[in-house]
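Tertiary structure, described
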Amino acid sequence: MGPAAGSLGFALLCFLALLSGCHRRVEAQHCVWYGECGESTVVPGKKYNCNYTGPPVPLQPEGYELLAELCPGYDYGNRSLCCNVAQLETLKASLQLPLQFLSRCPSCFYNLMNLFCELTCSPHQSQFMNATKIRGDDVVEVDYYIGTTFANAMYNACQDVQAPSSNVKALSLLCGKDVQDCNATNWIQYMFSIDNGQAPFPINPNFTDVEVAGFTPMNNKTYACTEGLEDGSGPCSCQDCTAACGPKPVPPPLPPPWTILGMDAMSVIMWISYMAFLLVFVGVLVGAWCFRRRTITSEYAPILDSNNPLSLNSDDPNRANPSCGERLGERFEDLLRSSFSSWGSFCVRHPSVVLLGSFVLVTACSGGLVYMRIITDPVELWSSPASQARQEKDYFDEHFGPFFRTAQLIITTPINDTFVYSPYFGGSDVPFKAILFKDILHQVLDLQLEIENLVAEYGGQNVTLKDICLAPLAPYNNNCTVLSVLNYFQNSHAVLDHVAGDEFFVYADYHSHFLYCVSAPASLNDTTLLHDPCLGTFGGPVFPWLALGGYDEANYNNATALVITFPLNNYLNDSVKMGQALAWEQEFIRFMKNFNNPNLTVAFSAERSIEDEIDRESNSDISTIIISYAIMFIYISLALGHINSFRRLLVDSKISLGIAGILIVLSSVSSSLGIFSYAGIPLTLIVIEVIPFLVLAVGVDNIFIIVQTYQRDERRPQEELHQQIGRILGDIAPSMFLSSFSETVAFFLGALSNMPAVRTFSLFAGLAVFIDFLLQISCFVSLLGLDAKRQEGNRLDICCCVKLPERQEVKTEGFLFRFFKKVYAPFILKEWVRPIIVAVFVGILSFSIAVVNKVEIGLDQKLSMPDDSYVLDYFKNLSEYLHTGAPVYFVVEDGLNYSSLEGQNTVCGGVGCNNNSLVQQIYSASLISNYSTIAYTPSSWLDDYFDWVKPQSTCCRFYNNSGAFCNASVVDPSCVSCRPMTQSGKQRPEGEDFMRFLPMFLSDNPNPKCGKGGHAAYATAVQRYPNNTGVGATYFMTYHTILKESPDFINALKMARILANNISQSMGQKVFAYSVFYVFYEQYLTIAYDTALNLCVSLGAIFVVTTVLLGLELWSALMVCITIAMILVNMFGVMWLWDISLNAVSLVNLVMSCGISVEFCSHIVRAFSISVRKNRVERAEEALAHMGSSVFSGITLTKFGGILILALSKSQIFQVFYFRMYLAIVLLGATHGLIFLPVLLSYIGPPVNKAKVLAANQRHAGTEREPLIKY
C-alpha cells in the first residue's frame, strides 16, 4: 500500500475516533429513566421507573418547589432533568426517615440528598448509571457507580449523628447493622437494597474513584460535618460531629492513696505517735519513780503523818484553804444532797401519794399512744423534708408525676449450652447462649403473658395489669409497657416462630430479627426478609441494655439473663388507685412465689417487696426481742436480791422490786412515745427497737446503784428507815442525775440532725431517759421503802402475807462487791499493772484512729432483708446481670424562655446550639462515663421537636380548613405543612410558632412515616402553661452507669449534682438532677460530717452538764469526756473490723453508745471526785470498789445475756447493727469504765476538793461512818 493509502487509513481512524468521542459526549447527556411505570413486584406500593434513554426533560412547573426543597443544585435554567414530579414525590416519601434523623446535621443530610438526587434526577445519569435489567418499560435493576471518596466523606459526616429520643446513633436505625459494624459501603448498600422496604428494585452500588467500563463514578463535592453550607446552615454540633468537639474530655485522675513509704499514711502516723507516747509515758514513769526515791515519799506508800504538807487530808481545818470555786462546788453538792435526801424521805413516808400520782401521770402520758403513727415509708424515714433531694423529688412529682413503680423479673436458665448461628447472607458466626434459645423464649413468653393476665381484687373489684400499667400512647394504644426482649417479637408466639426461607434454606428467623433489633430497637421494619417491627407493642423502643443481662460489651447474643420489667403508674394522692396497684403487686408476688419451671430460674421483685419484707422481718424478730428482754428481766429480778442464807432466800430476794423497776423503765418508754404522739411526731421502727434497750441500760444501772447502796448501808442510831433511804438517795441521786441529765441533753441536741431517723430517735430517747430518772427517784424509792419494810418484817417476796419467824441475821457483803473491793480494784491499780493497762488502751485507741477513715459509708440493701427473703436472690441477680443503672432526669425548672433563640441554644444539642448547652454537657459527660456515671446521651425533646417541625418533613402538618393536627400517616390533600419551604421556614420556630406546633408534637404518635412523634417519649417531659402560653418545667432523661454497691450510688449522686450545677451556671437557669434513689443516698454525702457533729455536740453537752453537776469541776468532766471519746473512737475500730458500715442505723447506735458510756463513766468519776481518801490511787480504788460492782452488774451483765440472743435473729440488720454494735458498746463501755478510767484517774484524776473534805469531816463528826465505803 502506498503513502496515500496509509494517510487515508489514518484519517479514517481519526474520524471514527472523533465520531466515537462525539457519540460519548452525546451519550453523556442522556437519561437512564424518566417517570414511573409498573408496580414493583418486590416492594408492594412502590413503582418501577420507566426505561428512557433520551435527553433530560424540563421539569413541570408544579415540581419547582419540590425540586428546590430536595435538590436545590438543579433549581436553575429550564430545569431539564431525568425525573418528573412523581419521581420527586416518591423520593421525598422514601427519604422521610433519613430526613427526620439526619437533618440535625446539615452537611450530612446535604451529602445524602446529593447521593439520591444524582441517582434520581441527574441530567448526567448515563455517566455513572447503567440499567442492567429492563422488563418491558420498567427498569428493574441498575448499577450505580459511586466515588469511594464521596461515599467515605458522606459516611464520615453522618456517623456521629444522634437520635435523641432513643439515646442511640441515627445510623443504628438506618444502616441495617449495629452501628459498630456500619461503614460507608454497607450503609449505602442497605439504603439501595430491596430488603429495606423502600427501594422498589435493586440498585447495585459500585465504589471506585477511577473510570470503570466507560462509567465515571459520581464524585460530587461533599461537606464535612465541621463545615457550614452555602445556604447559611452552620456546621454540625459536637454531639453530632466528633470532629467539631475538639479533644475528648479527660476525667481528672483519681487522687492517689495517702501513703508514707508505700504504707497507709494514717497507720504510719498512728504507729509513730503510739511509739512516741510510750517513750514519753515510760520516761515520765521512770522520772516519777526516781523523784519519789529521792524524796522518800511515794504515792503508793502510806502517808503516816497526816499533817504532812503533801497530805490532802489534813485534820486541821485551819490548814485547808479551799478556793472560791471549791466552796461554790461544795455548796452546790450540798444543795443537791439535801434536796434529794428530803425528797427520798418524803417518798418513803408517803408511798401511796407518790405511786398514785406517778400512775396517773404515766397513764395520761401513755394515752397518747392511741394517736401513735409508725413510719414505714423509706422516703419519710431516711430523707428530711427540708433536704435537697427531698425537695427535688417533690418538685419532680408535682410537675411530672411520681416516678413509676416497677415489677421486675430476672430470668436465667440452668441449661449451659451455646448455639452458633450462621447468617445465610454471609457474615461471621454468632453464638447464642441458652437463655436465647427459641424454646426457652417461648417458655418465658408464656410466663410473661400469664403475668399480664393476672387478676387481683381490691375493694370488691377485679384489678388487672391494664388498670395500673404505664401505657404511654393511651388512649390511642392501650398496650402496657413491658420492657422485655419478647417485645421485639410483639409478645407473640407466632412472630417468634416467623421464618423466611424455603425447603432448603432459612434466610431469616428469630436470630436475625433479634440481632437487628438490639442494634435498632426503635425500628419499625427490620432489614431481614421477615420485615417485622422491633418497636414494642406499647409504641416505644425496648433498649437491649434494659432487657438483657450478663453479656459482654455490646455482644447481646452472649446474654445469660433476660430482664422483664413491668412499669406501673404511681399515684400520689389517689388512695384507690394506689390500693389497686398494691393489690396487683401482691398478686404478682404470690404468683411468682408459686411459679416453677425446671428450665427457668426466676428472681423477682415488686415495688412493695422491700417494705413487705421489712414488715415481715420486724414481725419475725418480735420473738427474738421478747426472749432477749425476758432474759434481761429474769437476771435483774434475781440479781437485785442480796441473799444472806438459803433460809431467807424468799425474804432477801427482790423479784417483785426488780419487776417493778422494769415496769418503771417500760413506763418511761411508753410515756415518751405517748407525749410525742400527742404532738403528732411519728415513730420509726428504730425507735421501737432501740429505745427500750437504751432506757433499760440506763434505768437498770440506776436501780442496781440504789438497791445495792441500800444493801451495803448500815442504819445509824436513832435513824428511821425513811431517813436512811433519804440519806442514801442524797448520796447517790446526784450521780444518777448527772448521768441521766447528761444523756438527756446530749440526746436532745442530737435531735438537731437533719436525718429523720436520727432526729426522731434522739427526741424519744432524751425524754424517755429523763422520765425514767424521775420515776426512779420517786416511784422506785417509794417501792424500795415498802420492800425494805417487808424485808425487815421477815415477809416473803411476792407472797408478802407469809411471815417467817424472827431470827437474828448477820449482814454480809455481796460476792460481787467483795470481789471488786478485795480483789479486782487493788489488782488493776497495782503499780506494775497500771502502765500495762494504759499502754494497751492507748494502743487500741491508736489502731482505731488509724482506721476511722476506712469505715465504709452506706447501707447494703441486702442487709435490710431477712435471711430467707426472695428479695435477696433478686438483689444478687441485679448486681450480677444488670448492665445499666437507674434513669436520671436533668430537670430545667420553670423560667426558661424556650421560644427565644437564646433560650433554645442553652439547652439543645443540634446545629447552632451552644457548646456548653445542657444536652452538650450531658453528652460530654457520657464520653467519660466511668468518671461521670452518665451512660448515654440524653433524650432531648427540644432537638426532636426541631427535626419534627422542619418543612422538609411530613411530620408536622395541619388541616388548612380547621388548623387541627394532621398525622403523617393521613392521606388528605387538605393537610398542609406547618411551616413554609422558605429560608425562614427552615429555621427553628420561635415565638408564637414555637408554642403553636409544640402541642401537636407532644400528641403525635410515632409511625413509619414519622418516627419523631413526641407522644410516647416526651408526653410527660414538658409542662406547658395554661392556654399554651409558654413552656414551664421540662426534663431531659438519660441513664446512670451500672451501680452495684452503696459507694457507686453515692458517687453517682455526687457526680450528677456536679454536672447539674455546671449546667445551671452556664445556662443561668436552675437545673437539678433527679433519680429515684437520690433521696435514700443523699444522707451519705454528709454522714461523716453529721456523725462528727452529732457526737461532738453530745460530748460537749456531757462536758457542760458534768462540769455543773460535779460542782464546777472541769477536770472531772474532762476525764468523763476523754473516756467517752475513746469509747466512740474504738467503736469505729470495731465497725471497721466487723464490716459495719456508717449509715443512719449505725449513727443512731453511736449516739446511743455515747449515752450509755455516760453510765459507765460518770458514776465512777463522781465517786472519785467526792472521795476524801489520801491519794489518787486510794480514791480510784474506793470509787471502783463502790460503784464498779453496781455498774458491772447493772449494765454489763444485764445487757450481755440479752445481746447474745440477738445473734439468733433471722434479720441480717439485727445481726450486724444490733448484735454486733450492742455487744461492742457494752464491752467497750465496761472495759473503759471499769479498767481504763480508774487507772486514768489514779494518774491524772482531779485533786480532792478541800471544801468537800471539810464538809465531810464536819458532817460525819462524832460518827463511825466513813463516806461511801466502810473499809
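Residues numbered from 1 in each chain as written. Predicted model: local features only at pLDDT ≥ 70, side-chain atom pairs only at ≥ 80, totals over all residues. Heavy atoms only, no water.

Under an unreviewed UniProt entry, the name given to the protein chain is Niemann-Pick disease, type C1, and the organism recorded is Fundulus heteroclitus. Recorded under Catalytic activity (unreviewed entry), the UniProt text for the protein chain is reproduced unchanged: "cholesterol(in) = cholesterol(out)". The UniProt entry for the protein chain carries this comment under Subcellular location (unreviewed entry): "Endomembrane system". (UniProt positions renumbered as here; feature names shortened; annotations may be inferred.)

1. Re the overall build of the protein chain
If you tally the helices and strands in the protein chain, you get 43 helices and 29 strands. The 1271 residues of the protein chain split such that 56% are buried. Considering only residue pairs separated by 6 or more positions, the protein chain has 74% of its internal contacts joining residues 24 or more positions apart. About 52300 Å² of surface is accessible on the protein chain, with carbon and sulfur atoms providing 60% of the total. (Helix = DSSP H or I, 4+ residues; strand = E, 2+ residues; numbered from the N terminus. Buried < 20%, exposed > 50% of the residue type's maximum accessible area, 1.4 Å probe, protein only. Contact = heavy atoms within 4.5 Å. Areas by Shrake-Rupley, 256 points an atom, 1.4 Å probe, with all protein chains shown as cover.)

2. Considerations on the state of the cysteines
Counting across every chain of the model gives 14 disulfides. Bridging C238 to C245, the disulfide has an S-S length of 1.8 Å. Judged by the torsion about the S-S bond (105°), the C238/C245 disulfide is right-handed. Unpaired in this structure, C779 has its nearest cysteine sulfur neighbour in C347, at a distance of 8.6 Å. (Disulfide = S-S within 2.5 Å.)

3. Some points on the packing of aromatic side chains
In the structure shown here, the tally under the stated rule is 62 aromatic pairs. Where Y898 meets W941, the ring centres are 5.3 Å apart and the plane angle is 50°; that geometry is what we call tilted. One end of the pair, Y898, is in the loop between β24 (887-892) and α30 (901-905); the other, W941, is in helix α33 (residues 941-949), with 43 residues separating them in the sequence. Classification of W941 as buried rests on a relative accessible area of 0%. Among the aromatic residues, those joined into a ring-pair cluster are F396, F400, F403, F404, Y889, Y1035 and Y1074. Here R834 stacks its cationic end above the ring of Y1243, 4.3 Å away from the centre of that ring. In this structure, R996 packs its charged tip against the face of F958, placed 4.9 Å from the ring centre. (Phe/Tyr/Trp six-rings, centres within 6.5 Å; stacked < 30°, edge-to-face > 60°. Lys NZ or Arg CZ within 6 Å of the ring centre and 35° of its normal.)

4. Quick notes on the nonpolar core
Judged by nonpolar contacts, the single largest core of 354 residues is most densely connected at L115, W187, W584 and F588. In terms of residues, this core owes the most to one element, helix α42 (residues 1212-1244), which gives 20 residues. If near-sequence neighbours (up to four positions away) are discounted, F588 is found in contact with A407, Q408, L409, I451, L454, F604, S605 and A606. (Core = buried A, V, L, I, M, F, W, Y, C linked by side-chain atoms within 4.5 Å.)

5. Quick notes on the sheet that holds strand β13 (residues 405-412)
One open sheet accounts for 4 strands, arranged β20-β21-β13-β22; its pairing is antiparallel. Of all strands in the sheet, those bounded by a partner on one side alone are β20 (548-549) and β22 (601-606). Here β13 runs beside β22; their pairing, made up of 6 bridges, is antiparallel. The residue bridging L409 from the neighbouring strand is F604, located in β22. (Pairing = 2+ DSSP bridges.)

6. A few points about the pattern of salt bridges
The tally for this structure, following the rule as stated, stands at 21 salt bridges. Between R590 and E587 there is a salt bridge, and its shortest N-O distance comes to 2.5 Å. With R590 and E587 both in helix α20 (residues 575-594), this residue pair falls 3 residues apart, about one helical turn. Members of the salt-bridge network, linked through shared partners, are D944, D947, K950 and K1012. (Salt bridge = Lys/Arg side-chain N within 4 Å of Asp/Glu carboxyl O.)

7. Observations regarding the packing of helix α12 (residues 351-366) against helix α23 (residues 655-678)
Contact geometry for α12 and α23: axes closest at 7 Å, N-to-C directions at 45°. By the angle between their axes, α12 is oblique relative to α23. Listed contacts from α23 to V362, A364, C365 and S366 of α12 are S667, S670, S671, G674, I675 and Y678. Broken down by class, the residue content of the contact of α12 with α23 amounts to 5 nonpolar, 5 polar and no charged. (Axes fitted to C-alpha atoms, helices over the stretch in contact; angles between N-to-C directions. Parallel < 35°, antiparallel > 145°, perpendicular 65-115°, else oblique. Nonpolar A, V, L, I, M, F, W, Y, C, P; charged D, E, K, R; others polar.)

8. Points about the confidence of the model for the protein chain
Per-residue confidence for the protein chain gives a mean pLDDT of 83; residues scoring 70 or more make up 89%. Confidence drops under a pLDDT of 50 for residues 1-27, and excluding neighbours within four residues, the segment shows 3 contacts in the predicted structure. Note that pLDDT drops below 50 for residues 297-319; the model gives that stretch 32 contacts with residues more than four away or on any other chain. (pLDDT = per-residue confidence, 0-100.)

9. Observations regarding the pairing of β24
For β24, the tally of buried residues reaches 6 of 6 residues, placing the bulk of the element in the interior. Burial along β24 is two-sided: P887, Y889 and V891 facing one way and V888, F890 and V892 facing the other are all buried. Relative to strand β28 (residues 1031-1039), β24 runs antiparallel, the two sharing 6 bridges. In the sheet register, V892 faces β28, and the bridge partner there is T1034. Sheet analysis places β24 next to strand β29 (residues 1071-1074), joined by 4 bridges and oriented antiparallel. Among the inter-strand pairings, F890 is bridged to a residue of β29, identified as A1073.

10. A short note on the sheet that holds strand β27 (residues 1022-1024)
Strand pairing in a sheet is mediated by backbone hydrogen bonds. Such pairs are either parallel or antiparallel. Taken in spatial order, the 4 strands of this open sheet run β27-β28-β24-β29, and their pairing is antiparallel. The outermost strands of the open sheet, each flanked by one partner alone, are β27 and β29. With strand direction ignored, the average angle separating the axes of adjacent strands in the sheet is 15°. Examined bridge by bridge, β27 and β28 share 2 bridges and lie antiparallel to one another. Following the sheet pairing, R1024 is matched in β28 by V1031. Set on the sheet, helix α34 (residues 991-1003) makes contact with β27 and β28; between it and β27 the angle comes to about 130°.

11. A look at the environment of E326
Mapping E326 onto the fold places it in helix α11 (residues 324-349). Judged by relative accessible area, E326 falls into the buried class, the value being 16%. In sequence terms E326 and G1111 are 785 residues apart; their C-alpha atoms lie 7.6 Å from each other.

12. A look at helix α3 (residues 85-94)
Along α3, the residues classified as buried are V85, Q87, L88, L91 and K92. The arc enclosing the buried residues of α3, seen along the axis, measures out at 160°, which places them on a common side. Elements in contact with the buried residues of α3: β1 (33-39), β2 (47-51), α2 (64-70), α4 (96-102) and α5 (106-121). Where α3 begins, one side-chain oxygen reaches toward the backbone nitrogen of A86, 3.3 Å away; that side chain belongs to N84. (Arc of directions from axis to C-beta. Polar contact = N/O pair within 3.5 Å; in protein donor to acceptor, adjacent residues only side chain to side chain.)

13. Quick look at the side chain of S1098
Note on placement: S1098 falls in helix α38 (residues 1087-1109). On the basis of relative accessibility, which here comes to 1%, the residue S1098 falls in the buried class.

14. With respect to the packing of helix α26 (residues 756-792) against helix α40 (residues 1144-1170)
Contact geometry for α26 and α40: axes closest at 9 Å, N-to-C directions at 25°. Between α26 and α40, the interaxial angle falls into the category roughly parallel. Both α26 and α40 take part in a crossing whose hand is right-handed. Here A757, V758, F761 and S762 of α26 come into contact with α40, specifically with A1144, L1147, V1148, V1151 and M1152. Within the contact of α26 with α40, the residues separate by chemical class into 8 nonpolar, 1 polar and no charged. (Left-handed = near helix turned anticlockwise from the far one by under 90°.)

15. Let's talk about the side chain of H1015
Mapped onto the elements of the fold, H1015 is located in helix α35 (residues 1015-1018). Looking at H1015, the relative accessible area reads 10%, which means it is buried. Each residue touching H1015, except ones within four places of it in the same chain, is listed here: P472, L473, A474, Y476, F1001, L1002, S1003, D1004 and N1005.

16. Let's talk about α38
The end-to-end C-alpha distance of α38 is 32 Å, a good match for the 33 Å that 23 residues give at a rise of 1.5 Å each. G1111 lies just past α38 and shows a positive phi near 80°. (Expected span 1.5 Å × (residues − 1).)

17. As for the pairing of β28
Counting buried residues along β28, 9 of its 9 residues qualify, which places the element largely inside the surrounding structure. The hairpin formed by β27 and β28 contains 6 residues between the paired strands, and N1027 there has a positive phi angle of roughly 65°.

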